[in-house]
Amino acid sequence: MPRKGMRSICFHPKTLSFSTSPRSSPSRTSLSTPGRSFSESTMEQNIEVASSLIMKWNPETSTFAKVTSLFYENKREAMQFLKCVTDLQKAMHLLVSEGSADGRIVRAQNLMQIAMKRLQKEFYQILSTNRAYLDPESVSARSSRASTRSSTSDYDDDGFADDEIRAAGDSISEVEQVSSIAMADLRSIAECMISSGYAKECVSVYKIIRKSIIDEGIYRLGVERMSSSQVNKMDWAALDLRIKNWLEAVKISMRTLFTGERILCDHVFAISDSIRESCFSEISREGAILLFGFPELVAKTKKSPTEKMFRVLDMYTAISENWAEIESIFSFESTSAVRSQALNSLVQLSDSVHTVLSDFESSIQKDSSRTPIPGADVHPLTFHSINYLTILGDYSSILSDIISDWPPPAKTSLPKSYFDSPDSDDTPAPPLSVRFVWLILVLLCKLDGKARHYKDVSLSYLFLANNLQYVISKVQTSNLQYLLGEEWVTKHEAKVRQFAENYERLAWGQVFASLPENPSASISPEEAKEILKRFNSSFEAAYGKQNSCIISDPKLREEVQVSISRKLTPVYQEFHNKVMIIVQRQRNIRIHIRYSPEDIENYLSDLFFGGIDMGSSPSYSTTPSSSSSHRRRSRLSS
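Residues numbered from 1 in each chain as written. Predicted model: local features only at pLDDT ≥ 70, side-chain atom pairs only at ≥ 80, totals over all residues. Heavy atoms only, no water.

If you check an unreviewed UniProt entry, the protein appears there as Exocyst subunit Exo70 family protein from Manihot esculenta. As its UniProt record puts it under Function (unreviewed entry), the protein is described as follows: "Component of the exocyst complex." (UniProt positions renumbered as here; feature names shortened; annotations may be inferred.)

In structure tokens form, the structure reads like this:
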């Protein structure tokens, strides 16, 4: 960093001389005269005291000083050392201000250089030997505790009180206590070196050691430098694993790695805003850009399996939820590239969501399967699509943020009645709700086309009822119910009832029509025989066709069974009672009574909740329960 004023001339370690004033400098002997000032006397004393302590810890002249750490050996003496350096600096300022040109200034400068080398060595030793205690997690934990004493100006002649550090550490763990002490020592040394004009030497040591910690931390979190081509060549399973590692890496790096480093840097270099910015920027910028650049690579990859959408949303969530911390930690102008990279990744992830949603819609519209689903059951396209949308519904808050400015879908070739509710007010729906309603609409219109592939029209309606009911049940048991609203659910439940009624009319209409409109009216034995024959034939035909049908939803299955029973059983019961009177006079009619009212009720119940083999239909005298076989309960409730 640039040094200012006279300090840059006098205190640079490579400066061996200084510019003297044109006026005459007093001789050394003049300082010993009775008239010398108190300041001069104090200055000379400061130089002598500093010389004694600095030379004691000169690694060039003392083997003890070369192998021993001043701050570990004697903390009180270390604080005195810093004070001596401060006093020496004051003495040098006084000499310069008086324009002195004698050997004292040279001596003081030499002492200052020796002291700075000593402090640089101490700074390096504290940083390197305390790596385990200055890891970002320990620093982050320590940040919530009481801060240690921070400035050399706070130290008096008695030095730093070790018992104060111990007292400050009574309530914290051993790791945090060692971390606090190391941070305080680093700050003291940094302030002393920077104040003395040796910022460059101090900062260079700090940057080298701390950057290696950040880089190693990023690597250990599983974040590696990768190119776009490398990401594209990875299979989805491998890439998915990388994404999972990245999601965990973001949590840890924002909670501890970068947070701890910013705290440490701000603390150690609190004396200079420009220095702490420079240090933190150089230490963290590369690793942070590498971290926040990975989502952009994933967003741009050509792979688009179904799972990619959820991973993209997970990454978008990870960045957006940490955005306040990103802006706070990387608030410097020199770290704006980190913020830009994180923001660019958000944009790319948003674009990827748009692309995947468009591909999802297109995949529904392009589904070309024409084979009718056996039993008119729920179509695989319905399973896949609505299950996909229900999971997306769990990301509703993030999706709302992403698609808030997207244009609404174009309602071109789809029927307006499917989309707009006649009872809706003029308040526009949220963009996300509109998007989900649209995607379900696309699915329902596609299913409407697939229903036409059934030769039996009744199965077409049952197919539509089954699939729409499945959609509604998924909506009601997920976040989609809040996005689509009660009005949407009510409207589509009415559609299910309409489909079920059409199925019932077409599948069982002939059975209903085979019975007389007025079952209690008088009829002849011959009319009774014809009605029984017609009923038996139509009932068995309907049962045979519907025996292969599936209604998966228990609620819908019960509603259909109850509705058919209510229309059929009471009429048949009344007609049966009338026939039994005729049987008393015409016994030959008995052979045409194949089913009792109880049989009809049991057959209908077993049709939807079990199964009876109509090929071995019971005689009139056979109890229904003894004829039940081939249970279908598991298939119906699947």
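S.K.: What am I meant to see in the overall build of the protein here?
M.R.: Helix and strand counts for the protein stand at 26 helices and 0 strands. Intrachain contacts of the protein at a sequence separation of at least 6 include 80% that bridge at least 24 residues. Total accessible area on the protein is roughly 30200 Å²; 51% of this is exposed by carbon and sulfur atoms. (Helix = DSSP H or I, 4+ residues; strand = E, 2+ residues; numbered from the N terminus. Contact = heavy atoms within 4.5 Å. Areas by Shrake-Rupley, 256 points an atom, 1.4 Å probe, with all protein chains shown as cover.)

S.K.: How do you make sense of empty space enclosed by the protein when you look at a structure like this?
M.R.: Rolled over the atoms, a probe with the dimensions of a water molecule shows which regions are left empty. By the definition in use, this model includes 7 cavities of 30 Å³ or more. Residue lining of the second largest cavity: Gly222, Val223, Glu224, Met226, Arg242, Trp246 and Phe294, and that is the complete set. When grouped by side-chain class, the residues that make up the lining of the second largest cavity number 4 nonpolar, 1 polar and 2 charged. (1 Å grid on protein atoms, 1.4 Å probe; cavity = no way out; pocket = protein on both sides within 12 Å on 5 of 7 lines; lining within 4 Å. Points joined across faces, edges and corners; volume = space filled by probe spheres on them. Nonpolar A, V, L, I, M, F, W, Y, C, P; charged D, E, K, R; others polar.)

S.K.: Explanation requested: the pattern of salt bridges in the structure shown.
M.R.: Opposite charge on two side chains permits them to pair, given that their charged atoms come into close proximity. Applying the stated rule across the entire model yields 26 salt bridges. Among the salt bridges present, the one from Arg220 reaches Glu216, with a minimum N-O distance of 2.9 Å. In this pair, Arg220 and Glu216 are both assigned in helix H10 (residues 199-220), 4 residues apart and thus about one turn of the helix distant. Take Arg220: its relative accessible area is 66%, and that puts it in the exposed class. Where Lys300 meets Glu296, a salt bridge forms, and the shortest distance between an N and an O atom there is 3.0 Å. (Salt bridge = Lys/Arg side-chain N within 4 Å of Asp/Glu carboxyl O. Buried < 20%, exposed > 50% of the residue type's maximum accessible area, 1.4 Å probe, protein only.)

S.K.: What is the right way to read the side chain of His592 from this model?
M.R.: In this structure, His592 sits in the loop between helix H24 (554-585) and helix H25 (597-609). With relative accessibility at 18%, the residue His592 sits in the buried group.

S.K.: Honestly, the nonpolar core in this entry has me stumped. Any pointers?
M.R.: Across soluble globular proteins, nonpolar side chains have a tendency to be buried as a group. If you look at the biggest cluster of nonpolar residues, it comprises 178 residues, and the most contacted ones within it are Phe123, Phe269 and Phe539. Mapped onto the domain boundaries, this core takes at least three residues apiece from domain 1 (353-421 + 429-495) and domain 2 (507-606). Setting aside chain neighbours within four positions, we find Phe123 in contact with Leu186, Ile189, Ala190, Cys202, Val205, Tyr206, Val268 and Phe269. (Core = buried A, V, L, I, M, F, W, Y, C linked by side-chain atoms within 4.5 Å. Domains from an automatic or database assignment.)

S.K.: Teacher, can you tell me more about the environment of Asn232 here?
M.R.: By the element assignment, Asn232 lies in helix H11 (residues 228-233). C-alpha of Asn232 to C-alpha of Lys303: the two residues are 71 residues apart in sequence and 7.2 Å apart in space. Other than its neighbours up to four places away in sequence, Asn232 contacts Thr301, Lys302 and Lys303.

S.K.: Would you explain the packing of helix H14 (residues 306-321) against helix H16 (residues 336-366) in this entry?
M.R.: Between two packed helices, both the angle of their axes relative to each other and the distance between the axes serve to describe the pair. For the pair H14 and H16, interaxial distance at closest approach is 10 Å and the crossing angle is 155°. The angle between H14 and H16 places the two elements in the roughly antiparallel class. Like other packed secondary-structure pairs, H14 and H16 cross with a definite hand, here left-handed. The segment H14 lies against H16, with Lys308, Met309, Val312, Leu313, Met315, Tyr316, Ile319 and Ser320 engaging Ala342, Ser345, Leu346, Leu349, Ser350, Ser352, Val353, Val356 and Leu357. Counted by class, the contact of H14 with H16 contains 12 nonpolar, 4 polar and 1 charged residues. (Axes fitted to C-alpha atoms, helices over the stretch in contact; angles between N-to-C directions. Parallel < 35°, antiparallel > 145°, perpendicular 65-115°, else oblique. Left-handed = near helix turned anticlockwise from the far one by under 90°.)

S.K.: Would you explain helix H23 (residues 525-546) in this entry?
M.R.: One full turn of an α-helix is made of 3.6 residues, so residues set three or four places apart face in the same direction. With 22 residues, H23 should cover 32 Å at 1.5 Å per step; its first-to-last C-alpha distance of 31 Å lies within 8% of that length. Burial in H23 covers these residues: Ala528, Lys529, Ile531, Leu532, Phe535, Asn536, Ser538, Phe539, Ala542, Tyr543 and Gln546. (Expected span 1.5 Å × (residues − 1).)

S.K.: What exactly am I supposed to notice about the packing of aromatic side chains here?
M.R.: Both the distance between ring centres and the angle between the ring planes are used here to describe each pair of aromatic rings. On inspection of all chains with the given rule, the structure shows 20 aromatic pairs. Seen from their ring centres, Tyr206 and Phe269 are 4.9 Å apart, and the 85° between their planes marks the pair as edge-to-face. Taken together, the residues span a long stretch of sequence, with Tyr206 in helix H10 and Phe269 in the loop between helix H12 (236-268) and helix H13 (273-300) at a distance of 63 residues. Grouping residues by exposure puts Tyr206 and Phe269 together as buried. Ring geometry for Phe535 and Phe539: centres 5.7 Å apart, planes at 15°, overall stacked. Pair noted here: Phe535 and Phe539 are both in helix H23, with a separation of 4 residues, about one helical turn. Neither Phe535 nor Phe539 differs from the other in exposure class; each is buried. An aromatic cluster is built from Trp508, Phe535, Phe539, Tyr543, Tyr572, Tyr595 and Tyr603, whose rings are joined through pairwise contacts. The cationic tip of Arg262 hangs over the ring face of Phe280; the distance from NZ or CZ to the ring centre is 5.6 Å. (Phe/Tyr/Trp six-rings, centres within 6.5 Å; stacked < 30°, edge-to-face > 60°. Lys NZ or Arg CZ within 6 Å of the ring centre and 35° of its normal.)

S.K.: Got a minute to help me understand the confidence of the model for the protein in this structure?
M.R.: Low-pLDDT stretches of the model should not have their predicted coordinates read in fine detail. Looking at the protein, pLDDT values average 81 and 79% of them are 70 or higher. Within the model, pLDDT remains below 50 along residues 611-638, and this stretch shows 65 contacts once partners closer than five positions in the same chain are excluded. (pLDDT = per-residue confidence, 0-100.)

S.K.: Help me out: how do you make sense of unusual backbone geometry in this one?
M.R.: Keep in mind that most residues, glycine aside, have a negative phi and that most peptide bonds are trans. The phi angle at Ala376 is positive, at roughly 60°, despite the residue not being glycine. Along the polypeptide, Ala376 turns up in the loop between H16 and helix H17 (380-393). Relative accessible area serves as the criterion here: at 0%, Ala376 is assigned to the buried category.

S.K.: Please explain the environment of Gln230 as it appears in this structure.
M.R.: Inspection of the secondary structure puts Gln230 in helix H11. C-alpha separation for the pair Gln230 and Leu297, spaced 67 residues apart in sequence, amounts to 9.5 Å. Within polar-contact distance, the side chain of Gln230 engages the backbone nitrogen of Ser227 at 2.8 Å. (Polar contact = N/O pair within 3.5 Å; in protein donor to acceptor, adjacent residues only side chain to side chain.)

S.K.: What is the right way to read the state of the cysteines from this model?
M.R.: Put plainly, two cysteines are in a disulfide when a covalent bond ties their sulfur atoms together. For the structure shown, the criterion picks out 0 disulfides. Cys265 carries a free sulfur, and the closest cysteine sulfur to it, the one in Cys279, is 4.8 Å from it. Given the relative accessible area of 1%, Cys265 is considered buried. (Disulfide = S-S within 2.5 Å.)

S.K.: Any chance you could explain the packing of helix H5 (residues 75-97) against helix H6 (residues 103-129) here in plain terms?
M.R.: At a minimum axis separation of 10 Å, H5 and H6 run at an interaxial angle of 150°. When the axes of H5 and H6 are compared, the pair comes out roughly antiparallel. Crossing angle aside, the handedness with which H5 passes H6 is left-handed. Residues Phe81, Leu82, Val85, Leu88, Gln89, Met92, Leu95 and Val96 of H5 form the contact with H6, whose participating residues are Arg104, Ile105, Ala108, Gln109, Leu111, Met112, Ala115, Met116, Arg118 and Leu119. A per-class count over the contact of H5 with H6 returns 14 nonpolar, 2 polar and 2 charged.

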